[in-house]
Amino acid sequence: QVQLVESGGGLVQAGGSLRLSCAASGRIFSTIAMGWFRQAPGKEREFIAAITRSIGATYYADSVKGRFTISRNNALNTVYLQMNSLKPEDTAVYYCAAKYGVQLVAAVGDYGYWGQGTQVTVSS
């Protein structure tokens, strides 16, 4: 079992930046991958980025490439999502997720563990 707790959401103006954190606890092995997703009202949950715990390999959705950066601090069992050049369309609840296995995938169903989410609101 893996427990995930997100933090760092809030209200920011368009063009601004936020950094989300996801603290993991429980059965954390080297062969684990963690991801960030988001869900806007009335829309499906959308993949943003993923990272492997072992070598830090990353995978991004095209919609955030060049603006968002995922990183991890294994000593703290924490994954981050640095979000720059935020747009109003980035407004959503952001979720951290984890899966066993080092494959970086975008499907919601491939992740077995989820945090409670943190709200990000970007004003125009």
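Values in this document were obtained by computation on a predicted structure and should not be read as measured data.

1. Some remarks on the overall build of the protein chain
Item 1. A tally of helices and strands in the protein chain yields 0 helices and 11 strands.
Item 2. If one aligns the C-alpha atoms of the protein chain with their principal axes, the spans along those axes are about 40 × 30 × 25 Å.
Item 3. Looking at the 124 residues of the protein chain, the share that counts as buried comes to 43%.
Item 4. Considering only contacts within the protein chain whose residues lie at least 6 apart along the sequence, 58% involve residues at least 24 apart.
Item 5. Element-wise, carbon and sulfur atoms account for 49% of the exposed surface of the protein chain, whose accessible area totals about 6,100 Å².
Item 6. Within the protein chain, the 7 negative side-chain charges are centred at a point lying 8 Å from the centre of the 11 positive side-chain charges.

2. A word on the nonpolar core
Item 1. Counting 37 residues, the largest nonpolar core has Leu4, Trp36, Leu81, Met83 and Tyr94 as its most contacted members.
Item 2. When residues of this core are traced back to their parent elements, those giving at least two are β1 (2–7), β3 (18–26), β4 (32–39), β5 (46–52), β7 (68–73), β8 (78–83), β9 (92–100) and β11 (118–123).
Item 3. Leaving out residues up to four positions away in the same chain, Leu81 has contacts with Leu18, Arg19, Leu20, Trp36, Ile48, Ala49, Phe68, Thr69, Ile70 and Tyr94.

3. Description of the packing of aromatic side chains
Item 1. Within this structure, the stated rule accounts for 8 aromatic pairs.
Item 2. Arranged with centres 5.8 Å apart and planes meeting at 80°, the rings of Tyr100 and Tyr113 form a pair that is edge-to-face. Of this pair, Tyr100 sits in strand β9 while Tyr113 sits in strand β10 (residues 113–114), placing them 13 residues apart in sequence.
Item 3. On the basis of relative accessibility, which here comes to 18%, the residue Tyr113 falls in the buried class.
Item 4. Over the ring of Tyr95 we find Arg45, and its NZ or CZ is 3.7 Å from the ring centre.

4. A look at the pairing of β8
Item 1. Burial of β8 is extensive: 5 of the 6 residues sit out of reach of the surface.
Item 2. Sheet analysis places β7 next to β8, joined by 6 bridges and oriented antiparallel. Each residue of the ladder has a partner; that of Asn73, found in β8, is Thr78.
Item 3. In sequence, β7 turns back onto β8 through a hairpin of 4 residues, with Asn77 there showing a positive phi of about 50°.

5. As for the pattern of salt bridges
Item 1. Applying the stated criterion across every chain, the model contains 4 salt bridges.
Item 2. The closest approach of N and O atoms between Arg38 and Glu46, which form a salt bridge, is 2.8 Å.
Item 3. Taking the relative accessible area as the measure of exposure, Glu46 reaches 31% and is therefore partly exposed.
Item 4. Here Arg67 ties to Asp90 by a salt bridge, and the two come within 2.8 Å at their closest N and O atoms. You can see Arg67 sitting in the loop between β6 (58–60) and β7 and its partner Asp90 sitting in the loop between β8 and β9, a full 23 residues away along the chain. Across this residue pair, the class does not change: Arg67 and Asp90 are buried.

6. So, the state of the cysteines
Item 1. Applying the stated criterion to the full structure yields 1 disulfide.
Item 2. Between the sulfur atoms of Cys22 and its disulfide partner Cys96 the distance amounts to 2.0 Å. Across the disulfide from Cys22 to Cys96, rotation about the S-S bond amounts to roughly -80°, and the bridge is consequently left-handed. One end of the pair, Cys22, is in strand β3; the other, Cys96, is in strand β9, with 74 residues separating them in the sequence. Comparing Cys22 with Cys96 shows no difference in burial state: the two are buried.

Parameters at a glance
- Counting from 1, residues in each chain are numbered in the order their sequence is written.
- With the structure being a predicted model, the display of local features is reserved for residues of pLDDT at least 70 and the display and counting of side-chain atom pairs for 80 or more, all residues being used for whole-chain, interface and lining totals.
- Side-chain numbers come from the whole structure's heavy atoms, not from hydrogens or water.
- Think of it this way: any DSSP run of H or I at least four residues long counts as a helix, any run of E at least two long counts as a strand, and we number them from the N terminus.
- For the exposure calls, accessible area comes from a 1.4 Å probe over protein chains only, and a residue counts as buried if that area is under 20% of its type's maximum, exposed if over 50%, partly exposed in between.
- Here, two residues are considered to be in contact whenever any of their heavy atoms come within 4.5 Å of each other.
- What sets the accessible areas is the Shrake-Rupley method with a 1.4 Å probe; for residues, cover comes only from the shown protein chains.
- A residue counts as positive if it is Lys or Arg and as negative if it is Asp or Glu; His and the chain ends are not included.
- Charge positions are represented by NZ for Lys, CZ for Arg, CG for Asp and CD for Glu.
- To qualify as a nonpolar core, a set must consist of buried Ala, Val, Leu, Ile, Met, Phe, Trp, Tyr and Cys residues joined through side-chain atoms within 4.5 Å.
- In this analysis, rings of Phe, Tyr and Trp, with Trp reduced to its six-membered ring, are considered paired at centre separations within 6.5 Å, and the interplanar angle assigns stacked below 30 degrees, edge-to-face beyond 60, and tilted for intermediate values.
- Counted as over-ring charges are cases with an Arg CZ or a Lys NZ within 6 Å of the ring centre that also lie within 35 degrees of the ring normal.
- DSSP bridges decide pairing: two strands pair if at least two such bridges lie between them.
- Think of a salt bridge as a Lys or Arg side-chain nitrogen and an Asp or Glu carboxyl oxygen that are within 4 Å of each other.
- For the purposes of this analysis, a disulfide is any pair of cysteine sulfur atoms at a distance within 2.5 Å.

Keep in mind these values describe shape, not function.
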